[in-house]
Amino acid sequence: MTGRLISKVLVLDSSPEHSDAIKQFCDENNLVGLKVRKNRLMSVLRSNIDLGAILYSDSYGASPEENAEIAIRIHTVRPELPIFLRRDSEATLDDINESLRRVFCAAYTTNDLPGLSQLVDKYIFSLVYPNALVRGISEITESILASQFKQLTTRWDTPYIVHDKVIFGEVFSLIPLESAWCRGYMMLQTEEQPILDSLDTHAPSEDGANFRTVNSLLGEITNLIWGAFKNRYIGDAAAASVSQIQVPLIINHKHKYISFGTENPQLCFLYTLTDEDSGKTIKLYQRFVFNLSWSPEDFKEIVNDTSDLVDSGELELF
């Protein structure tokens, strides 16, 4: 049984005639539509907002020249994001200049929204994530965060799909995940100062917390999540059968960018730890990037059945 996650899309379409149809399409296709003022567009795209795609109108600019210029700038700033171009008459890119055509992944019209739905499945929801996996990741991580930040309240947002490669915060951990059904990485991303503030408030030390304390804590959380993930979904036998082939990772802190050498979408979770007394929060992003291998049809949750433990000798009947 598989479920449908959500994805955030930036809607750059100022046509009142089509806004209702686009909004209804987003609601029916698990998309969270976001809008932005035109004069704030580039600054928003340069921020660490998570996006799955952009819905772009061929009349978004005041003129065809401005429309083309904006589209090229968007593609330059966020080249990994698929851009769907809304046309008024026919869903085609054939009549667009070749140098501009490469900016868009496909065209659509509001008269053929089923066609747009197919494009969304192809470019955004191209990987299927089993419900048990998505639910289990949230349960594992929430439990571990609650154990590490006992004075804070842990909440998690609805998991979603992203295509961008931006990094949140200054600190992140990265650990490989390998099994018979998947190969990739888990990454935790967070900001340093909120964790330092929380440690100084709830677990003060003689010398005070510093960046090494944050690094150590994030490393411990990562290892605990990885261990629970491995026990629940991988198992030693399956992991041992996987060949050890790696791809280079590209990380650019200045531009908050990371690439895993693939265009596959990433499974993303957001957790918020709240100090109910002060109102201060810690945000922690968790991403799963199955860039080396992904076979959800072979996914199996490891459940320790009592009879199996008896058969293996782990348990004995009284």
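Predicted model, so just to flag it, every value in this text is computed and none were measured.

A.B. asks: Looking at this model, I keep getting lost on the overall build of the protein. Mind explaining?
C.D. replies: Looking only at helices and strands, the protein features ten helices and 13 strands. Partitioning the contacts of the protein with sequence separation of at least 6, the portion at a separation of at least 24 is 72%. Taken as a whole, the protein presents about 16400 Å² of accessible surface, with 50% of it coming from carbon and sulfur.

A.B. asks: In this structure, what is going on with the nonpolar core? I would like to understand it.
C.D. replies: Across soluble globular proteins, nonpolar side chains show a tendency to be buried alongside one another. Judged by nonpolar contacts, the single largest core of 58 residues is most densely connected at F84, I124, Y129, F229, L267 and F288. Looking at this core element by element, the count peaks at eight residues for helix α8 (residues 211–234). Judged by nonpolar contacts, the second largest core, of 23 residues, contains L12, Y60, I70 and F104.

A.B. asks: Looking at this model, I keep getting lost on the side chain of E80. Mind explaining?
C.D. replies: In this structure, E80 sits in the loop between α3 (64–77) and β4 (83–86). Given a relative accessible area of 9%, E80 falls into the buried group.

A.B. asks: Help me understand the environment of L152 in this model?
C.D. replies: Along the chain, L152 falls in the loop between α6 (131–148) and β6 (153–156). Apart from the residues lying within four places of it in its own chain, the contact partners of L152 are S198, H202, L273, T274, D275 and I282.

A.B. asks: It is not clear to me how the pairing of strand β9 (residues 182–190) should be interpreted in this structure. Could you clarify?
C.D. replies: Look at any regular strand and the pattern is simple: side chains alternate between the two faces of the sheet. With nine of nine residues buried, β9 is to be regarded as a mostly interior element. A two-sided burial pattern is seen for β9, the buried positions comprising C182, G184, M186, L188 and T190 on one face and R183, Y185, M187 and Q189 on the other. Examined bridge by bridge, strand β8 (residues 171–178) and β9 share eight bridges and lie antiparallel to one another. In the sheet register, V171 faces β9, and the bridge partner there is T190. Note that β9 and strand β13 (residues 281–294) share eight bridges and pair antiparallel.

A.B. asks: Just to check I follow, could you spell out the pairing of β4 for this structure?
C.D. replies: Here β4 shows two buried faces, one formed by I83 and L85 and the other by F84 and R86. Two elements, strand β3 (residues 53–57) and β4, share four bridges in a ladder whose sense is parallel. Along β4, the bridge assignment pairs I54 with I83. Chirality of the crossover, the property in question, places the unit of β3, α3 and β4 among those that are right-handed. Sheet analysis places β4 next to strand β5 (residues 106–108), joined by three bridges and oriented parallel. Bridge pairing in β5 places L85 opposite A107.

A.B. asks: Hey, could you run me through the packing of α6 against α8 in this one?
C.D. replies: How two helices sit against one another is set out by the angle between their axes and by the gap between those axes. The interhelical angle for the contact between α6 and α8, taken along N-to-C directions, is 140°, at an axis separation of 10 Å. Crossing handedness for the pair α6 and α8: right-handed. The residues of α8 that touch α6, namely those facing A132, L133, G136, I137, E139, I140, T141, I144, L145 and Q148, are L217, E220, I221, L224, I225, A228, F229, R232 and Y233. The residue inventory of the contact of α6 with α8, partitioned by class, reads 13 nonpolar, three polar and three charged.

A.B. asks: For this particular structure, what's the right way to read the layout of surface pockets?
C.D. replies: Approximately 210 Å³ is the volume found for the second largest pocket. Together, 13 residues line the second largest pocket, and D58, P64, N67, I96 and L100 are the ones closest to its centre. A total of four residues in the lining of the second largest pocket trace back to one element, the largest contributor, which is α3. Class assignment for the residues of the lining of the second largest pocket results in eight nonpolar, two polar and three charged.

A.B. asks: When you look at α3 in this model, what are you seeing that I'm missing?
C.D. replies: Given 3.6 residues to a turn, an α-helix orients residues that are three or four positions apart in the same direction. Its 14 residues place the ends of α3 20 Å apart at the C-alpha level, agreeing with the 20 Å of an ideal helix rising 1.5 Å per residue. Inspection of α3 places N67, A68, I70, A71, I74 and H75 among the buried residues, and these make up the whole buried set. Looking down the long axis of α3, one finds its buried residues gathered within 160° of arc, a one-sided arrangement. Across α3 from its buried face, at more than 90 degrees, point the exposed residues E65 and T76. On its buried face, α3 is in contact with β1 (6–12), α2 (41–46), β3, β4 and α4 (98–101).

Cut-off values and rules
- Residues numbered from 1 in each chain as written.
- Predicted model: local features only at pLDDT ≥ 70, side-chain atom pairs only at ≥ 80, totals over all residues.
- Heavy atoms only, no water.
- Helix = DSSP H or I, 4+ residues; strand = E, 2+ residues; numbered from the N terminus.
- Contact = heavy atoms within 4.5 Å.
- Areas by Shrake-Rupley, 256 points an atom, 1.4 Å probe, with all protein chains shown as cover.
- Core = buried A, V, L, I, M, F, W, Y, C linked by side-chain atoms within 4.5 Å.
- Buried < 20%, exposed > 50% of the residue type's maximum accessible area, 1.4 Å probe, protein only.
- Pairing = 2+ DSSP bridges.
- Right-handed = clockwise from strand over helix to strand, strands pointing away.
- Axes fitted to C-alpha atoms, helices over the stretch in contact; angles between N-to-C directions.
- Left-handed = near helix turned anticlockwise from the far one by under 90°.
- Nonpolar A, V, L, I, M, F, W, Y, C, P; charged D, E, K, R; others polar.
- 1 Å grid on protein atoms, 1.4 Å probe; cavity = no way out; pocket = protein on both sides within 12 Å on 5 of 7 lines; lining within 4 Å.
- Points joined across faces, edges and corners; volume = space filled by probe spheres on them.
- Expected span 1.5 Å × (residues − 1).
- Arc of directions from axis to C-beta.

By themselves, these figures tell us nothing about what the structure is for.
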